[in-house]
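Examination of the molecular architecture
Listed below, chain by chain, are the residues.
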Amino acid sequence: MIIILLGAPGAGKGSQAELLVKRYNIPHISTGDIFRDNFKNETPIGKLAKEYIDKGQLVPDSLTNDIVRERLSAKDVSNGFILDGYPRNINQAEALDKILKRFGWEITRVINIATPLDLLVKRISGRRVCSNCGAVYHIENKKTKHEGICDICFNPVVQREDDNEQTVLTRIKIYEEQTKDLIDYYNEKGLLSNVSGITIPQTDKEVVEILGE
Ligand code: AP5
Ligand code: MG
């Protein structure tokens, strides 16, 4: 099963991916998470990517396509995977098509999380992430059991550095200019399904109706 999660910044891609991982037991591949891990580990890729991420811009396609190609060469993807935040423009979608073709794989479904734009800034400004394991919370919609502490690994939860208002507005603008085109790209291939993105359980229910238990 190969699932692509499309959606604006803050639409809930990471949150829904977490639920899909548990249900289908396949890995969650988020290019944003890969870049942040690289930055945490002070790799050259991490340092380069951070220059773009901090401004809310896309990391160059050539680098992004390379890291996805490498990630998809790992053994754990043999039963499928969930892509979150990749592809992000037509150029990346075409690069992905080539990678999939080479492995003889086909996309099962592209799920577009169609969260209304006016909810995005509130979602992102209230988001907290675990500084250790990256688990995602929200100060109103998905609270930690103990304030400021991750439920899973008990480390402090923090705000992502690119979750400030200026960067968020740039991220949404880039989504509108580049990523939204992917809705038509996958719709024309007959692969697209839309879900509402309103609450996490409701969105999950809609996703299960599309993909099956
Ligand atoms: P990335 O990390 O992918 O960020 P993003 O696309 O901006 O998306 P987010 O992670 O902000 O949102 P999300 O949709 O995952 O929402 P979440 O589930 O956390 O990318 C970061 C940067 O890396 C990019 O700006 C770019 O620079 C670079 N990058 C990454 N991929 C790249 C690529 N392919 N090419 C080039 N550059 C790339 O939810 C948000 C909040 O809302 C949470 O607090 C959550 O609890 C809450 N919430 C979620 N769903 C719901 C719901 N249904 N109801 C209520 N609350 C909800
Ligand atoms: Mg995310």
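This write-up is about the structure you can find in this document. (Residues numbered from 1 in each chain as written. Chains lettered and ligands numbered in written order. Predicted model: local features only at pLDDT ≥ 70, side-chain atom pairs only at ≥ 80, totals over all residues. Heavy atoms only, no water.)

**Section: the pairing of strand β5 (residues 127-130)**
Along any regular strand the residues' side chains alternate between the sheet's two faces. Sheet topology note: the β5/strand β6 (residues 136-138) ladder contains three bridges and is antiparallel. Opposite V129, over in β6, you have V136 as the bridge partner. (Pairing = 2+ DSSP bridges. Helix = DSSP H or I, 4+ residues; strand = E, 2+ residues; numbered from the N terminus.)

**Observations regarding helix α4 (residues 61-71)**
Among all positions of α4, only D61, L63, T64, N65, I67 and V68 are buried. Residues of α4 that are buried sit in contact with α2 (31-40), α3 (44-53) and α5 (90-103). (Buried < 20%, exposed > 50% of the residue type's maximum accessible area, 1.4 Å probe, protein only. Contact = heavy atoms within 4.5 Å.)

**What to know about the site of ligand 1**
Lining the immediate surroundings of ligand 1 are 35 residues, of which S15, Q57, R88, R127 and Y137 lie closest. G85 is positioned with one of its backbone polar atoms (N or O) 2.9 Å from a nitrogen atom of ligand 1. Contact between ligand 1 and R160: an oxygen atom at 3.0 Å from a side-chain N or O atom of the residue. Coverage of ligand 1 by the protein chains reaches 97% of its 1,000 Å² of free accessible surface. Among the residues forming the shell around ligand 1, the class breakdown is 12 nonpolar, 15 polar and eight charged. (Near = heavy atom within 4 Å. Polar contact = N/O pair within 3.5 Å; in protein donor to acceptor, adjacent residues only side chain to side chain. Areas by Shrake-Rupley, 256 points an atom, 1.4 Å probe, with all protein chains shown as cover. Nonpolar A, V, L, I, M, F, W, Y, C, P; charged D, E, K, R; others polar.)

**Focus on the sheet that holds β5**
With antiparallel pairing, three strands are arranged side by side in an open sheet as β6-β5-β7. Looking at which strands have only one partner, the edges of the open sheet turn out to be β6 and β7 (157-158). For β5 and β7, the ladder comprises two bridges, and the chain directions are antiparallel. Among the inter-strand pairings, C130 is bridged to a residue of β7, identified as V157.

**Here we look at the sheet that holds strand β2 (residues 28-30)**
Spatially, β2-β3-β1-β4-β8 is the arrangement adopted by the five strands of the open sheet, whose pairing is parallel. The open sheet terminates on both sides in strands that have one partner only, identified here as β2 and β8 (192-195). Neighbouring strand axes in the sheet, compared pairwise and without regard to direction, differ in orientation by 25° on average. In terms of strand pairing, strand β1 (residues 2-7) meets strand β4 (residues 109-113) through five bridges, oriented parallel. Counted as the bridge partner of I4 is V110 from β4. Against the sheet, helix α1 (residues 13-24) touches β1, β2, β3 (81-84) and β4, its axis set at about 160° to β1. (Axes fitted to C-alpha atoms, helices over the stretch in contact; angles between N-to-C directions.)

**Concerning unusual backbone geometry**
Y86 connects to P87 through a cis peptide bond whose omega is -5°. Positioned with a positive phi, N25 is a non-glycine residue whose angle comes to about 55°. Within the fold, N25 resides in the loop between α1 and β2. For N25, a relative accessible area of 68% gives the class exposed. Positive phi, close to 65°, is recorded for F154, a residue that is not glycine. The residue F154 is located in the loop between β6 and β7 in this model.

**Some words on the environment of L117**
Tracing the chain through its elements places L117 in helix α6 (residues 117-125). Along the backbone, L117 and Y175 are 58 residues apart, and their C-alpha atoms lie at a distance of 11 Å.

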